[in-house]
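What follows is each chain in one-letter form.
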4 protein chains.
Amino acid sequence: MNEIQVSVTGNVTTDVRHVVVNDSTPITSFRLASTTRRRDPDGRWYDADTTWFTVTCFRALALNAARSLRKGQPVAVQGRLRVREYEVEGVRRWSLEIEAGSIGHDLQYGTGDFQRVPKVER
Amino acid sequence: MNEIQVSVTGNVTTDVRHVVVNDSTPITSFRLASTTRRRDPDGRWYDADTTWFTVTCFRALALNAARSLRKGQPVAVQGRLRVREYEVEGVRRWSLEIEAGSIGHDLQYGTGDFQRVPKVER
Amino acid sequence: MNEIQVSVTGNVTTDVRHVVVNDSTPITSFRLASTTRRRDPDGRWYDADTTWFTVTCFRALALNAARSLRKGQPVAVQGRLRVREYEVEGVRRWSLEIEAGSIGHDLQYGTGDFQRVPKVER
Amino acid sequence: MNEIQVSVTGNVTTDVRHVVVNDSTPITSFRLASTTRRRDPDGRWYDADTTWFTVTCFRALALNAARSLRKGQPVAVQGRLRVREYEVEGVRRWSLEIEAGSIGHDLQYGTGDFQRVPKVER
């Protein structure tokens, strides 16, 4: 309850990392950069803020994302937003995380050839 | 201002319709069915309501969607919601419409092979 | 799962209806009109589409909404979207429904004086 | 284009700060804490993550928010998400910011008495 839902489009900026924990749960994660486009007073578009996220997903979505997504590709992500804070060698760091409920290639920028995966594999 | 933004996942339930208006603007549309899943008191998932939308998109997204999407495929759509009312042979009808800002295959259900389209074509 | 979340601002266009079902669950509902504002080519704002919703809420939110909301007031609503279809005297009708998770007066258009209600009453 | 829209409910955790810049634009800001509630395996709700935001608003909304909101009150906020990074005495800091499009008291937790403000004042 009271989850913070976000919908973000942007580019995959890292290799996609895939692990299996406890011999069973597939987890996939990657960094996503989302750049806001605005118009200047003369009506020309320019790049405004860029926001970075760590996108994480699980199970069937993790398996298919790992097989499908490559560094540099544009994606659309829906999910729950969370801030993660942690320490590296005494320095406090943080990242914006999205636990993805859905991920797809963003067809604004290219074409996608989809192959359904049998349910048993999910 | 005051647009009604929605994020929906569901299945393409019709052939994808593609037209070019005024010799220049590509428009693609299809019907989308989104089914809510709920848990019963014993924790089992079941299909609850299904909501139908007409999804419409323009320009580069329209070209790539027409080349990529097929009837039966699962997609994730973000866009602006609108109700369209019209008459067919004296009977008032309506449909829920989404003007899509982004569309992608939903990687929950399969894999996607993405090909970037050169910018000149958009 | 797969709920269609929406965030809408608009005006309460009916009296607020409040009932208690089964001697226990308070339910409040009202009609909401949300009008999209767009700019014409000269930069002037004009009213574009208006979309109507039936907003329904339950329990504590229903009690407080019934005490707080009046016809004509501007509100911001977050919740789950659903289409309801029904028949009145043989004619099929439909309405767009939002089951509200949160409702508040929209402070864009005026001021609000808030009184917390003790938890026991929720 | 490509803005990151969020809808958040939570509590105002600071006094509300109100300034007027350039003798003309009212700006109001406050900190907001949003706590996710989850169910444990026995079905009991507990507080999970808390996420903090700096909420900022302008013009009419800023004037009315400054007159209406008090520390400790529950609110519902819709707006655009942005990460702001800055330095204080050589230490890099950051905050999650929401530029609010709408703000209202969250009627889940109490009642609101609304007074419309004449348009000239906005």
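Everything that follows concerns the structure shown earlier in this document.
Residues numbered from 1 in each chain as written. Chains lettered and ligands numbered in written order. Predicted model: local features only at pLDDT ≥ 70, side-chain atom pairs only at ≥ 80, totals over all residues. Heavy atoms only, no water.

Quick notes on the overall build of chain A
And then number 1: Looking only at helices and strands, chain A features one helix and seven strands.
And then number 2: For chain A, the N- to C-terminal ordering of α and β elements is β-β-β-β-α-β-β-β.
And then number 3: Taken across its 122 residues, chain A has 45% of its residues classed as buried.
And then number 4: For chain A, contacts bridging at least 24 residues in sequence account for 55% of all contacts bridging at least 6.
And then number 5: When the accessible surface of chain A is totalled, it reaches about 6500 Å², and 44% of it is carbon and sulfur.
And then number 6: If you average the places of the 18 positive and of the 15 negative side-chain charges in chain A, the two averages end up 4 Å apart. (Helix = DSSP H or I, 4+ residues; strand = E, 2+ residues; numbered from the N terminus. Buried < 20%, exposed > 50% of the residue type's maximum accessible area, 1.4 Å probe, protein only. Contact = heavy atoms within 4.5 Å. Areas by Shrake-Rupley, 256 points an atom, 1.4 Å probe, with all protein chains shown as cover. Lys, Arg positive; Asp, Glu negative; His and termini not counted. Charge placed at Lys NZ, Arg CZ, Asp CG, Glu CD.)

A look at the relation of the copies chain A and chain D
And then number 1: For these two chains of identical sequence, chain A goes onto chain D by a turn of 180 degrees and a shift of 0.0 Å along the axis, with RMSD 0.0 Å. The operation mapping one copy onto its partner corresponds to a two-fold rotation axis. Taking C-alpha positions as the reference, the residue of chain A nearest the rotation axis is Val6 of chain A, at 2.9 Å.
And then number 2: A share of 100% of the interface residues of chain A reappears at the interface of chain D, consistent with the copies meeting face to face through the same patch. (Least-squares fit on C-alpha atoms with pLDDT ≥ 70 in both.)

Considerations on the side chain of Thr54 of chain A
Residue and element names in this part refer to chain A.
And then number 1: You can see Thr54 is positioned in strand 4 (residues 45-58).
And then number 2: Within the structure, the side chain of Thr54 is placed 2.9 Å from the side chain of Arg31, a separation counted as a polar contact.
And then number 3: With residues near it in sequence (within four places) discarded, Thr54 still touches Phe30, Arg31, Ser95, Leu96, Glu97 and Ile98. (Polar contact = N/O pair within 3.5 Å; in protein donor to acceptor, adjacent residues only side chain to side chain.)

Side note on the interface of chain A and chain D
How big an interface is tends to be reported as the loss of accessible area on association of its parts.
And then number 1: Residue-level contacts link 24 residues of chain A with 24 residues of chain D.
And then number 2: Buried surface at the junction of chain A and chain D, summed over both partners, amounts to about 2200 Å²; 54% is from carbon and sulfur atoms.
And then number 3: Applying the counting criterion to the chain A and chain D interface returns four salt bridges.
And then number 4: Taking the shortest distance from any N to any O, the salt bridge between Asp49 of chain D and Arg82 of chain A comes out at 3.7 Å.
And then number 5: Across the contact surface, chain A and chain D share two residue pairs in polar contact (both at pLDDT 80 or more).
And then number 6: Looking at the side of chain A that touches chain D, the elements that each hand over two or more residues are strand 1 (5-12), strand 3 (25-39), strand 4, strand 5 (74-88) and strand 6 (91-105) of chain A.
And then number 7: Its residues assigned to classes, the side of chain A that touches chain D comprises 10 nonpolar, seven polar and seven charged. (Buried area = accessible area lost by both parts, 1.4 Å probe. Salt bridge = Lys/Arg side-chain N within 4 Å of Asp/Glu carboxyl O. Nonpolar A, V, L, I, M, F, W, Y, C, P; charged D, E, K, R; others polar.)

As for the relation of the copies chain A and chain B
And then number 1: Rotating chain A by 180 degrees and translating it 0.0 Å along the rotation axis places it on chain B, where the RMSD comes to 0.0 Å.
And then number 2: Both copies share a contact surface, since 100% of the interface residues of chain A are interface residues in chain B too.

Some points on the interface of chain A and chain B
And then number 1: The partner chain B presents 35 residues to the 35 residues of chain A that form the contact.
And then number 2: Of the roughly 3000 Å² buried where chain A meets chain B, counting both sides, 52% is carbon and sulfur surface.
And then number 3: A per-residue breakdown of the area chain A buries against chain B is headed by Leu107, Thr111 and Phe114 of chain A, which together make up 25% of the total.
And then number 4: Linking chain A with chain B are zero salt bridges.
And then number 5: Taken together, chain A and chain B are joined by 16 residue pairs in polar contact (both at pLDDT 80 or more).
And then number 6: Of all the secondary structure elements, the ones that give two or more residues to the side of chain A that touches chain B are strand 1, helix 1 (59-68), strand 5, strand 6 and strand 7 (110-116) of chain A.
And then number 7: In terms of residue count, the dominant contributor to the side of chain A that touches chain B is strand 7 of chain A (seven residues).
And then number 8: Of the residues assigned to the side of chain A that touches chain B, the class counts are 13 nonpolar, 17 polar and five charged.
And then number 9: In the sheet, strand 7 of chain A pairs with strand 7 (residues 110-116) of chain B via seven bridges, with the strands oriented antiparallel. Counterpart to Gly110 of chain A in the pairing with strand 7 of chain B is Arg116 of chain B. (Pairing = 2+ DSSP bridges.)

Re the environment of Asp113 of chain D
And then number 1: Of note, Asp113 of chain D is situated in strand 7 (residues 110-116).
And then number 2: Residues Asp113 of chain D and Asp23 of chain D lie 90 residues apart in sequence; the distance between their C-alpha atoms is 30 Å.
And then number 3: Apart from the residues within four sequence positions on either side, Asp113 of chain D is in contact with Thr111, Gly112 and Asp113 of chain C.

Considerations on the pattern of salt bridges
And then number 1: Per the stated rule, a full pass over the model turns up 36 salt bridges over all chains.
And then number 2: A salt bridge links Glu97 of chain B to Arg84 of chain B; the shortest N-O distance between them is 2.8 Å. Placement of Glu97 of chain B in strand 6 (residues 91-105) and of Arg84 of chain B in strand 5 (residues 74-88) is noted, with a sequence separation of 13 residues between them.
And then number 3: Within the structure, one salt-bridge network assembled from shared partners comprises Glu3, Arg80 and Glu99 of chain A together with Arg38 of chain D.

Remarks on helix 1 (residues 59-68) of chain C
And then number 1: For helix 1 of chain C, the full list of buried residues reads Ala60, Leu61, Ala62, Asn64, Ala65 and Ser68 of chain C.
And then number 2: In this structure, the buried side of helix 1 of chain C is in contact with strand 2 (17-21), strand 3 (25-39), strand 4 (45-58) and strand 6 (91-105) of chain C together with strand 7 of chain D.

Regarding the pairing of strand 3 (residues 25-39) of chain D
All names here are of chain D.
And then number 1: Pairing of strand 1 (residues 5-12) with strand 3, which is carried by two bridges, proceeds in the antiparallel orientation. Looking at strand 3, one finds that Val12 is bridged to Leu32.
And then number 2: Judged from the 12 bridges that link them, strand 3 and strand 4 (residues 45-58) form a sheet pairing that is antiparallel. Paired with Ala33 across the strands is Trp52, a residue of strand 4.

Focus: the side chain of Ser102 of chain D
And then number 1: Along the polypeptide, Ser102 of chain D turns up in strand 6 (residues 91-105).
And then number 2: The residues touching Ser102 of chain D, leaving out its near neighbours within four places in the chain, are Thr9, Ala76 and Asp106 of chain C together with Leu61, Ala76, Val77 and Gln78 of chain D.

Notes on the environment of Arg80 of chain A
And then number 1: With respect to the helices and strands, Arg80 of chain A occurs in strand 5.
And then number 2: Spatially, the C-alpha atom of Arg80 of chain A lies 5.5 Å from that of Ile4 of chain A, the residues being 76 residues apart in sequence.
And then number 3: Excluding residues within four positions of it along the chain, Arg80 of chain A makes contact with Glu3, Ile4, Gln5, Glu97, Ile98 and Glu99 of chain A together with Arg38 of chain D.
And then number 4: Polar contacts involving the side chain of Arg80 of chain A include one to the side chain of Glu3 of chain A, which spans 3.1 Å.

What to know about the environment of Glu99 of chain C
Residue and element names in this part refer to chain C.
And then number 1: Among the secondary structure elements, Glu99 is positioned in strand 6.
And then number 2: On a C-alpha basis, the gap between Glu99 and Gln78 in space is 8.3 Å, while along the polypeptide they are 21 residues apart.
And then number 3: Those residues in contact with Glu99, other than ones at most four positions away along the chain, are Thr56, Phe58, Gln78, Gly79 and Arg80.

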